[in-house]
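Inside the fold
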Amino acid sequence: MVFEKRLLRAEPNFRILGKLWRVNWLFVGMICLLAMVGYFAQYSAGGGSSHPYAHSQFVKFCVGFIIMIGLALTPPQILVKLAWPLYGLAVMLLVAVLHMGHVGKGAERWIIIGGIALQPSELMKIALVLLLSSWFYKISWKQMANPLRLIIPAILVLLPVVLVLKEPNLGTAVIIGCIGAVIFFAAGMRWYLILLLLTPIPFVIKLVYNHLHDYQKARIITFMHPENDPLGAGYNIIQSKIALGSGGMWGQGYLHGTQGQLNFLPEKQTDFIFTMIAEEWGFVGGICVIGLLLLIIVGGMVIAMRSRNQFGRLLALGITMNFFFYCAVNLSMVMGAIPVGGVPLPMVSYGGSALLTVMFGFGLLLSVQVHKNSTFGEDQSYKKI
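A brief report on the enclosed structure follows.

About the cut-offs
Residues numbered from 1 in each chain as written. Predicted model: local features only at pLDDT ≥ 70, side-chain atom pairs only at ≥ 80, totals over all residues. Heavy atoms only, no water. Helix = DSSP H or I, 4+ residues; strand = E, 2+ residues; numbered from the N terminus. Buried < 20%, exposed > 50% of the residue type's maximum accessible area, 1.4 Å probe, protein only. Contact = heavy atoms within 4.5 Å. Areas by Shrake-Rupley, 256 points an atom, 1.4 Å probe, with all protein chains shown as cover. Expected span 1.5 Å × (residues − 1). Axes fitted to C-alpha atoms, helices over the stretch in contact; angles between N-to-C directions. Parallel < 35°, antiparallel > 145°, perpendicular 65-115°, else oblique. Nonpolar A, V, L, I, M, F, W, Y, C, P; charged D, E, K, R; others polar. Salt bridge = Lys/Arg side-chain N within 4 Å of Asp/Glu carboxyl O. Phe/Tyr/Trp six-rings, centres within 6.5 Å; stacked < 30°, edge-to-face > 60°. Lys NZ or Arg CZ within 6 Å of the ring centre and 35° of its normal. Bend = angle between axes of the 7 residues up to and from the residue. Left-handed = near helix turned anticlockwise from the far one by under 90°. Core = buried A, V, L, I, M, F, W, Y, C linked by side-chain atoms within 4.5 Å.

1. Overview of the overall build of the chain
Of regular secondary structure, the chain possesses 15 helices and 3 strands. Per-residue burial for the chain yields a buried fraction of 48% across its 385 residues. Put simply, 75% of the contacts in the chain that link residues at least 6 apart link residues at least 24 apart. Element-wise, carbon and sulfur atoms account for 71% of the exposed surface of the chain, whose accessible area totals about 18,800 Å².

2. So, helix α15 (residues 352–370)
The end-to-end C-alpha separation of α15 is 27 Å, in line with the 27 Å expected for 19 residues at 1.5 Å each. For α15, the buried fraction is high: 17 of the 19 residues fall into the buried class.

3. Looking at the packing of helix α2 (residues 25–45) against α15
At their nearest, the axes of α2 and α15 sit 11 Å apart, and the two run at 170° to each other. By the angle class used here, α2 and α15 are roughly antiparallel. On α15, the residues touching Phe-27, Val-28 and Ile-31 of α2 are Met-359, Phe-362, Leu-365 and Leu-366. Of the residues belonging to the contact of α2 with α15, the class tally is 7 nonpolar, no polar and no charged.

4. Notes on the pattern of salt bridges
For side chains of opposite charge, pairing can occur when their charged atoms come near one another. Counted under the stated rule, the structure contains 1 salt bridge. Between Lys-125 and Glu-122 there is a salt bridge whose closest N-O contact spans 3.4 Å. Here the residue Lys-125 and the residue Glu-122 both occupy positions in helix α5 (residues 120–136), the gap between them amounting to 3 residues, near one helical turn. Using a relative accessible area of 2% as the deciding quantity, one classes Glu-122 as buried.

5. Observations concerning the environment of Pro-76
By secondary structure assignment, the location of Pro-76 is in helix α4 (residues 76–100). Classification of Pro-76 by relative accessible area gives buried; the value is 6%. Here the alpha-carbon distance between Pro-76 and Ser-374, two residues 298 residues apart in the chain, equals 8.5 Å.

6. Here's the deal with the packing of aromatic side chains
Using the criterion set out here, one finds 12 aromatic pairs in the structure. Measuring from centroid to centroid gives 5.2 Å for Tyr-53 and Tyr-350, while their planes differ by 65°, and the two rings are edge-to-face. Within this pair, whereas Tyr-53 is found in the loop between α2 and α3 (54–72), its partner Tyr-350 is found in the loop between α14 (310–334) and α15, the two being separated by 297 residues in sequence. A relative accessible area of 25% places Tyr-350 in the partly exposed class. Counting every residue linked through ring pairs, the aromatic cluster contains Tyr-39, Phe-40, Phe-58, Tyr-254 and Trp-281. Here Lys-125 stacks its cationic end above the ring of Tyr-326, 3.8 Å away from the centre of that ring.

7. Observations regarding helix α13 (residues 273–306)
With 34 residues, α13 extends only 34 Å from end C-alpha to end C-alpha; this falls clearly short of the ideal 50 Å at 1.5 Å per step. Maximum bend of α13: about 130°, positioned at Gly-282.

8. Observations concerning the packing of helix α7 (residues 170–187) against α14
Any two packed helices are characterised by the angle at which their axes cross and by the distance between the axes. The interhelical angle for the contact between α7 and α14, taken along N-to-C directions, is 145°, at an axis separation of 9 Å. The handedness of the crossing between α7 and α14 is right-handed. Counting all contacts with α7, which are made through Ile-175, Cys-178, Ile-179, Val-182, Ile-183, Ala-186 and Ala-187, the residues of α14 involved are Gln-310, Leu-314, Leu-317, Gly-318, Met-321, Asn-322, Phe-325 and Val-329. Tallied by class, residues from the contact of α7 with α14 come to 12 nonpolar, 3 polar and no charged.

9. Thoughts on the nonpolar core
Formed by 100 residues in total, the largest nonpolar core has its most connected members in Phe-136, Leu-315, Phe-323, Met-347 and Phe-362. Top contributing element to this core by residue count: α14, with 15 residues. Discounting chain neighbours no more than four positions away, the residues touching Phe-323 are Leu-34, Leu-293, Ile-296, Ile-297, Pro-346, Val-358 and Phe-362.

10. Looking at the environment of Phe-264
Its place among the elements puts Phe-264 in the loop between α12 (258–261) and α13. Phe-264 gets classed as partly exposed once you look at its relative accessible area, which sits at 39%. C-alpha of Phe-264 to C-alpha of Ala-243: the two residues are 21 residues apart in sequence and 9.1 Å apart in space. In this view, Phe-264 contacts Tyr-235, Gln-239, Thr-258 and Gln-259; residues no more than four positions away in its chain are not counted.

Pasting the structure below:
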């Protein structure tokens, strides 16, 4: 009898150990490897010193790692309850940015809380994914055919898009809109509704362009003809292409990149960190980093497909696509394929807000993997027509 009581008292610990055992540690290892790449890149960006970038990035990663593992052990029932409070907090912070935000590089994107600079738009990406997943798992595929059921979630997507556009931060606003569109489609939105929404896009683009700030229009013009202003608006992308080309096949060597170490490369610790990696490690090093990013994306998609409940599938898909858009926009930007938009390379670029929110998202993703066999929400009465 005494043994049984001890066993009952010890059961919660065994449950935690069991969840830790079910964590995809290979996926965690890939995340840590990407963070290591970021540490060495930030060490180089600091001129061969751990200050001011690498040490700070490492500390933030350690904090994010604890948050990630903690969320991985959190069951979906609790995550659903966090959706609305987290979204509400993100909206309030975005509104606060417009009234008391910190101005940096011509835009109000940060808010100072307790001496720490936070970028609420990064938190909003994760909050939106969590909220849409908790909204759509309650709705059956047949109910998705009713356009009236899509009005509220559409407002939930448009609200942060508008707030982020007013900062202004066009790149992040587009990513938030794309994440919302992906979840809508994965939840069962009909093709004819998608085509109907896509019809006015050419007119919307023209309207948006007319309301862009001067520096945003300059970025688009520079994207088309960077050589027209090589020392002004075209400087960043020209120096980025020079650095990419000078790396060659094997690179100039760690801490020996000319464009990066001689400070010709702008924002080398943030937006253009991949350019500095390619310059020092060459084409081979750049391809290895891209390959690691792709492995993480594929791993996230596998977790989404293996989940047995709709909430987990949508949540894992949304987190993975957020990471994908981060990577796709940043890499395309530094290679000159799209206009420069100020989107960092996740886990590699310097920045606490982006790093911690990405780690927060990975924690949600690992929670889906740990609880993949849960049938949470699959047999509720509100799934019936």
